[in-house]
Amino acid sequence: MLMNRRHFLVAGAAAAAMPGRALGQVAAAGEVDVAIVGAGAAGLAAARRVASYGRTYALTEALDRAGGRAQTNATTFGLPFDLGADRLWGPRRNPLVEIARANGLDAATALRLQRVRIGSRDARDADAEDFASALSRANRAILTAGEQRTDIAAARAVPDIGDWLPTVSFLLGPTFSSKDLDEVSAADYARAEERDEEAVCRQGLGTILALAAVPLAVQHSTPVTEIDWSGRLITLATPRGTLRARAVVLTVSTAVLAGGTIRFKPGLPAALAGACQRLTLGSYNRIGIELAGNPLRLRDDERVVFKVPSPAAMTLRGRVGGTDLAVAGIGGRAGRELEQAGSAAMVAFVTDTLAAHYGAGIRKAIGRTFATRWGHEPTILGAVSAAPPGAQPMRRALAQPIDNRLFVAGEASHETQWGTVGGAWLSGERAADQALRAVGVAIPLPASPAPPAQPKPERTPKRRQPRRDDVPRRD
Ligand SMILES: Cc1cc2nc3c(=O)[nH]c(=O)nc-3n(C[C@H](O)[C@H](O)[C@H](O)COP(=O)(O)OP(=O)(O)OC[C@H]3O[C@@H](n4cnc5c(N)ncnc54)[C@H](O)[C@@H]3O)c2cc1C
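Cut-offs used in this document
Residues numbered from 1 in each chain as written. Predicted model: local features only at pLDDT ≥ 70, side-chain atom pairs only at ≥ 80, totals over all residues. Heavy atoms only, no water. Near = heavy atom within 4 Å. Polar contact = N/O pair within 3.5 Å; in protein donor to acceptor, adjacent residues only side chain to side chain. Areas by Shrake-Rupley, 256 points an atom, 1.4 Å probe, with all protein chains shown as cover. Phe/Tyr/Trp six-rings, centres within 6.5 Å; stacked < 30°, edge-to-face > 60°. Helix = DSSP H or I, 4+ residues; strand = E, 2+ residues; numbered from the N terminus. Buried < 20%, exposed > 50% of the residue type's maximum accessible area, 1.4 Å probe, protein only. Lys NZ or Arg CZ within 6 Å of the ring centre and 35° of its normal. Lys, Arg positive; Asp, Glu negative; His and termini not counted. Salt bridge = Lys/Arg side-chain N within 4 Å of Asp/Glu carboxyl O. Contact = heavy atoms within 4.5 Å. Pairing = 2+ DSSP bridges. Right-handed = clockwise from strand over helix to strand, strands pointing away.

(A) A look at the site of the ligand. Taken together, 40 residues lie around the ligand, and E61, R69, R87, E411 and V421 are the ones closest in. Within the backbone of A41, one N or O atom sits 3.2 Å away from an oxygen atom of the ligand. Within the contact set of the ligand, a nitrogen atom lies 2.8 Å away from a backbone nitrogen or oxygen of R87. Out of a free accessible area of 1,000 Å², the ligand has 99% covered by protein chains.

(B) Quick look at the packing of aromatic side chains. A full pass over the atoms with the stated rule returns five aromatic pairs. Ring geometry for F131 and W164: centres 5.2 Å apart, planes at 50 degrees, overall tilted. Of this pair, F131 sits in helix α4 (residues 125-146) while W164 sits in the loop between α5 (154-157) and α6 (165-172), placing them 33 residues apart in sequence. Like W164, F131 is buried. For the ring pair F176 and W418, a centre distance of 5.8 Å and an interplane angle of 80 degrees mean the geometry is edge-to-face. Taken as a pair, F176 in helix α7 (residues 174-177) and W418 in the loop between β20 (406-408) and α16 (421-438) lie far apart in primary sequence, 242 residues in all. As far as the burial class goes, F176 and W418 line up, both buried. Of the aromatic side chains, those joined through ring pairs into one cluster are F77, F81 and F370. The ring of W164 has K307 lying over it, and the distance from NZ or CZ to the ring centre is 4.2 Å.

(C) Just the side chain of E61, in detail. By secondary structure assignment, the location of E61 is in the loop between β2 (57-60) and β3 (72-73). In this structure E61 is buried but unpaired, with R65 as the nearest side chain of opposite charge at 6.7 Å. Sequence-distant contacts of E61, that is, excluding residues within four places in its chain, are made with G38, A39, G40, V218, Q219, H220, S221, T222 and P223.

(D) Structural context of the pairing of strand β1 (residues 31-37). In terms of burial, β1 is largely enclosed, as six of its seven residues are buried. By the bridge criterion, six bridges tie β1 to strand β13 (residues 241-250) in an arrangement that is parallel. By the bridge assignment for β13, A35 is matched with V248. Here β1 pairs with β2 via four bridges, running parallel. Paired with A35 across the bridge in β2 is A58. Following the chain from β1 across helix α2 (residues 41-52) to the adjacent parallel β2, one finds a crossover that is right-handed.

Now the structure itself:
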């Protein structure tokens, strides 16, 4: 616990030591080359890119903080607790790893420790083997279905895996894409990049983004309410005044775009509006609980998978960073119902699950608790985008430039790294490059992908191939 607290303080000191000067210049007259809406991973990446070319930008954020769905809470438990993203997938090519290290933070590859709990005992070797086989068979079947010409719901591809079905469906569904498998396109699932390696940042993934924002001029608490792109310059209305820009990068979630809180004049093209309507966000939330004295006898950062009879499921990561903090994850339809019922219901679900598996005495060991409710955050409205059957091509539609002046970024617009911070970041850089080109900056077009004969293994994203031990995961 001390180690984490100290590391977090180091991160805080690093933030304080960053120069106050903003990267790039914000034009005094309120007219900028590129306006960026939203300061989550995509928006921060876009602003850094525009600033690095010496062009003017305005970066507006509705909330009083940057980071969006990556937020580290350091107050509730007195140590870093990531409320949203906490894993850096594909660390060898994840841009956030370099940013973490450049800011003096740790970003270390994480071991994957996991145990399966069946009723009141840990899984025996034979059970664990059954579970691994069921998980692998289901995953492979969805990947194979996703390669077929006709897209289907991932749930339809899952073979008979007996009484492991609800547990495996929870792991491959809500913990991966925040939706149940019957709502998930097998093609979208199959196109997602392999999550076979992960890194964690001891000071919190949200801290990385908070530090990435420090050298930028973020206009906090400045929601954009209207974007008028009928004239030569695009005007953006906010409660603090009107901005004018030659190009706009839009990074708000698809749920926010579909929700209509930003009015567009003229309205968004039908293809884009349709993509937002279909690439809806699912539900995934974390519940942090203090478990003094390691009553579950877990190793540091070990994940517990609970064998369940129904979709009402959760996972639990114990002893996060070697501390008394444990973090449960719930999601999908059952998780959404709990989220709607409120924080107390979410905590009660976690407590009851632990009591059912470890005995009622566990209740006494539970200290402080905190439940996120991303679906109720008006500027986010859910967890991550997951395409329903047939909607995988919508990701590309989302990323199409509008009138060569409006560019959509954000996790939903990345075809293979959707639902991740790394994908959001890369999409922000892509959209910023498009915007820069639109305002006359000579940026070379991206090179076409390397031919299969000469791949660059350390930088080239891998498509997910069926593998026995492939275990897609979010937590
Ligand atoms: C519980 C949970 C766990 C996750 N776990 C992981 C993980 O372990 N690893 C991983 O890689 N990914 C994870 N993710 C996904 C990851 O957090 C997201 O993919 C990523 O952070 C999205 O970034 P973004 O920039 O696309 O969008 P956002 O982070 O949503 O940023 C958009 C920003 O726009 C702002 N905004 C909205 N409306 C307006 C407006 N009108 N005007 C101005 N600003 C506005 C919002 O406040 C927000 O800050 C998780 C997500 C959740 C919810």
